[in-house]
Amino acid sequence: MQKIAQFMKVSRARFEADWHFDAPCPYDALKLPRRGTAGSAGYDFFTPVDIRLAPGESVCIPTGVRARIDEGWVLTLYPRSGQGFKYRLQLNNTVGVIDSDYFNADNEGHIQIKLINANREGREFAVEAGAAIAQGVFLPFGITVDDDACAARTGGFGSTDRR
């Protein structure tokens with residue numbers, strides 16, 4: 001397998017700036033994403049806080065993680081399959097796209113995951129801190145022969161259309 005990326009924590013200051021829960025900030029307990037088995041395509045992302053979502057509720061989870069990704073690759077984020085199946089848990093933006101240049105953004109490339117409990121059966125979704133809540137898959141991508149993108153990223157989420 002080709003090794004094309006590395007996960008690491010954002011700085012403590014960045015994580016604390018993005019922390020918006022009443023619970024104490026758990027920086028030292030953050031877990032980096034990892035694959036569950038040698039055959040897994042997805043790297044599990046973990047929640048640093050207990051989560052309880054009634055149907056229709058959403059939450060934005062600061063993971064404390066950033067990813068250094070080689071050029072020509074992208075990290076895509078999805079809900080974990082079992083949670084999507086059992087609870088219809090979804091990412092609010094459907095699929096997260098983490099570009100290689102996001103690592104150097106003003107927010108240190110802090111990956112945050114916004115989940116929504118979209119089930120129609122009235123079931124609450126609940127997990128404890130440290131549980132896997134999403135999965136990330138690295139994919140190669142190409143560009144067009146006439147591509148002329150040359151701008152540098154400075155901002156975080158949604159910043160590439162602010163030019």
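See the structure above.
Since the model is a prediction, treat every value here as computed from it, not as a measurement. (Residues numbered from 1 in each chain as written. Predicted model: local features only at pLDDT ≥ 70, side-chain atom pairs only at ≥ 80, totals over all residues. Heavy atoms only, no water.)

Asks: Can you lay out the side chain of aspartate 18 for me, pointing to particular residues and giving the numbers?
Replies: By the secondary structure assignment, aspartate 18 is in helix 1 (residues 12-18). Only 2.9 Å separates the side chain of aspartate 18 from the side chain of arginine 14, close enough to count as a polar contact. The residues touching aspartate 18, leaving out its near neighbours within four places in the chain, are Pro62, His110 and Gln112. (Helix = DSSP H or I, 4+ residues; strand = E, 2+ residues; numbered from the N terminus. Polar contact = N/O pair within 3.5 Å; in protein donor to acceptor, adjacent residues only side chain to side chain. Contact = heavy atoms within 4.5 Å.)

Asks: I'd love a proper account of the nonpolar core, names of residues and values included.
Replies: Grouped together as the largest cluster of nonpolar side chains are 32 residues, with contacts concentrated most on Phe45, Ile51, Leu75, Leu77, Ile111, Ile113 and Leu115. When residues of this core are traced back to their parent elements, those giving at least two are strand 3 (51-53), strand 4 (58-69), strand 5 (73-79), strand 6 (89-91), strand 8 (111-117), strand 9 (125-127) and strand 10 (132-140). If near-sequence neighbours (up to four positions away) are discounted, leucine 77 is found in contact with Phe45, Leu91, Thr94, Val95, Gly96, Ile98, Ile111, Ile113, Gln135 and Gly136. (Core = buried A, V, L, I, M, F, W, Y, C linked by side-chain atoms within 4.5 Å. Buried < 20%, exposed > 50% of the residue type's maximum accessible area, 1.4 Å probe, protein only.)

Asks: Can you lay out the packing of aromatic side chains for me, pointing to particular residues and giving the numbers?
Replies: Taken as a whole, this structure holds eight aromatic pairs when the rule is applied. The interplanar angle of 85° and the centroid separation of 5.6 Å between the aromatic rings of phenylalanine 7 and phenylalanine 45 together place this pair among those described as edge-to-face. Pair noted here: phenylalanine 7 is in strand 1 (residues 5-9) and phenylalanine 45 is in strand 2 (residues 43-46), with a separation of 38 residues, a long-range link. Overall, the relative accessible area of 13% leaves phenylalanine 7 in the buried class. Ring centres 5.4 Å apart and planes at 40° place the aromatic pair phenylalanine 15 and tryptophan 19 in the tilted group. On the accessibility criterion, tryptophan 19 (13% relative accessible area) is buried. Connected via pairs of aromatic rings, a cluster forms that spans Phe7, Tyr43, Phe45 and Phe138. (Phe/Tyr/Trp six-rings, centres within 6.5 Å; stacked < 30°, edge-to-face > 60°.)

Asks: Please provide a residue-by-residue account of the sheet that holds strand 1, values included.
Replies: Sheet strands associate in pairs through backbone hydrogen bonding, adopting either a parallel or an antiparallel arrangement. Spatially, the four strands line up as an open sheet ordered 1-4-8-6, and their pairing is antiparallel. Edge positions in the open sheet fall to strand 1 and strand 6, since each of these has one partner strand only. The mean inter-strand angle of the sheet, taken between neighbouring strand axes irrespective of direction, is 40°. The pairing of strand 4 with strand 8 spans six bridges and is antiparallel. Within strand 8, the position partnered with valine 59 by the bridge is leucine 115. (Pairing = 2+ DSSP bridges. Axes fitted to C-alpha atoms, helices over the stretch in contact; angles between N-to-C directions.)

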